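An overview of the molecular structure
Okay, here's what each chain looks like letter by letter:
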Amino acid sequence: SSQAILDAAVQVIARNPDRGAVQILAEFADQVRLDIYRAPTDKAEAEYVVHQIEQMVGGTSYFSLDSARVTGETPAAARSFADFAVLYRLSAQSRLLIEAFDRSGIPYQTVGQTSLYEYKAVREVLAHLWRVYNPRAWLPNAPVLASQIKMEASRSGIEASAGFSGPRVQPAKASIPDTYGLPDPTGTPVARLIEQIMAQTVERRGKPYDAADAQRLRQLVLRAVPFEDRLGDFLEMTALQSETDAYDPRADRVTLMSLHASKGLEFPVVFIVGCEEGLLPYRRVARSHREAAHSETGYSDQVDVAEERRLFYVGLTRAGRKLALTHAAKRVLFGQFMENAASRFVGDIEAALKEIQEMKYRPPEKKEESKQLTLF
């Protein structure tokens, strides 16, 4: 790590009672200070990370230039996507980051995450998509659909098909009631197919998806948008992609991972998001009425600040040449609205090592008027 990063890490960890003053020297001199960015919301924080990475790689598309995310004067890309890591305290923070990266088209890998395709609601929608793609090939998805069909059939008074009664399915006799009709995939965008299947499922069940499942299905829709009407390609991607794979240092992708998962790894550029009181150090929500009664904020008072500080120290020292610490003025986490101050750990770093950043947008350049004479 650069000397500035090491100095900041030492200043943070030195406040732990079990740590004395220590001096760590870098092998190279680097005058780059730590970037500190305060975003208005958690969504803006995720967009800031994406924009910064786009700038450091020199832009990822013509849209990067048209939207003024990067300028024409941006130097040739000195970084690859594999040079970047985005670290967070809780896995729940990754949702908005994943959405932002999906929108930007920047390749990424998540480490230690439950795959989106492992959740029941998503697997049910994918199973129906396989039926749309090839009605004769739904057999492998019968176990996924079994519980859904039986639950919805019992509610509506329909007798479930024998083909869904258990793991031993007879393809020749298996059928699905007419009420489980599916949309025509011909020329229909995959994202639209997913939305139609979701609407049919909600109508049959008589109740909407809960907030968590609705958010996961929204992510599925976002991932389907680039495939347009290529349903087969989309299903192939969902079958092959795994978010639970271990970190692959050979992949040219931005790495998203928790602070715990980052131990032992190093990256030239690191973003630590959510540097706020309540997240770093993390204070969980009070789990009982008795616990909440003793807390004015609704959070548990049981916080191991020393351990949280050590975890933050780990995150700081994952960075080699550049480190950015971000926090949001407003955040929604676990369905709760939060307005947290910046983390005390960020305050432990002296001002000389920090540089406050602001999101800057370059207004679109005015094009010269055409000198071509008009015909009228």
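Read on for a plain summary of the structure.

Rules and cut-offs
Residues numbered from 1 in each chain as written. Predicted model: local features only at pLDDT ≥ 70, side-chain atom pairs only at ≥ 80, totals over all residues. Heavy atoms only, no water. Helix = DSSP H or I, 4+ residues; strand = E, 2+ residues; numbered from the N terminus. Buried < 20%, exposed > 50% of the residue type's maximum accessible area, 1.4 Å probe, protein only. Contact = heavy atoms within 4.5 Å. Areas by Shrake-Rupley, 256 points an atom, 1.4 Å probe, with all protein chains shown as cover. Pairing = 2+ DSSP bridges. Expected span 1.5 Å × (residues − 1). Salt bridge = Lys/Arg side-chain N within 4 Å of Asp/Glu carboxyl O.

1. Things to note about the overall build of the chain
Counting its regular elements, the chain contains 12 helices and 8 strands. Burial analysis of the chain (376 residues in total) assigns 47% to the buried set. Restricting the contact set of the chain to residue pairs at least 6 apart, pairs at least 24 apart contribute 74%. Of the roughly 20,600 Å² of accessible surface on the chain, 51% is carried by carbon and sulfur atoms.

2. So, the pairing of strand 6 (residues 319-333)
Regular strands show a simple pattern: their side chains alternate between the two faces of the sheet. Most of strand 6 is tucked away, with 12 of its 15 residues classed as buried. As judged from the 6 bridges shared by strand 1 (residues 34-41) and strand 6, these two strands associate in the parallel manner. Within strand 6, the residue paired with Arg38 across the bridge is His327. Relative to strand 6, strand 5 (residues 267-272) runs parallel, the two being bridged by 5 bridges. From the neighbouring strand, Phe267 faces strand 6, where its bridge partner is Ala319. Across 3 bridges, the pairing between strand 6 and strand 7 (residues 336-338) is antiparallel.

3. A look at helix 11 (residues 305-316)
Taking 1.5 Å of rise per residue, 12 residues should cover 16 Å, and helix 11 covers 16 Å from first to last C-alpha, within 8% of that figure. Those residues of helix 11 that sit buried are Glu308, Arg309, Leu311, Phe312, Tyr313, Val314, Gly315 and Leu316. Of the surrounding elements, those touching the buried residues of helix 11 are helix 1 (3-13), strand 2 (84-88), strand 5, strand 6 and helix 12 (344-347).

4. A closer look at the pattern of salt bridges
Evaluated as defined, the whole model comprises 16 salt bridges. Residue Asp348 is joined to Arg15 by a salt bridge in which the shortest nitrogen-to-oxygen separation is 3.0 Å. One end of the pair, Asp348, is in the loop between helix 12 and strand 8 (354-357); the other, Arg15, is in the loop between helix 1 and strand 1, and 333 residues separate them in sequence. Overall, the relative accessible area of 53% leaves Arg15 in the exposed class. Note that Glu195 and Arg192 form a salt bridge whose closest N and O atoms lie 3.6 Å from each other. In this pair, Glu195 and Arg192 both sit in helix 7 (residues 190-205), 3 residues apart, roughly one turn of the helix. Here the salt bridges share partners, and the residues they tie into one network are Arg15, Arg309 and Asp348.

Note that all results are geometric; they support no functional claim without further evidence.
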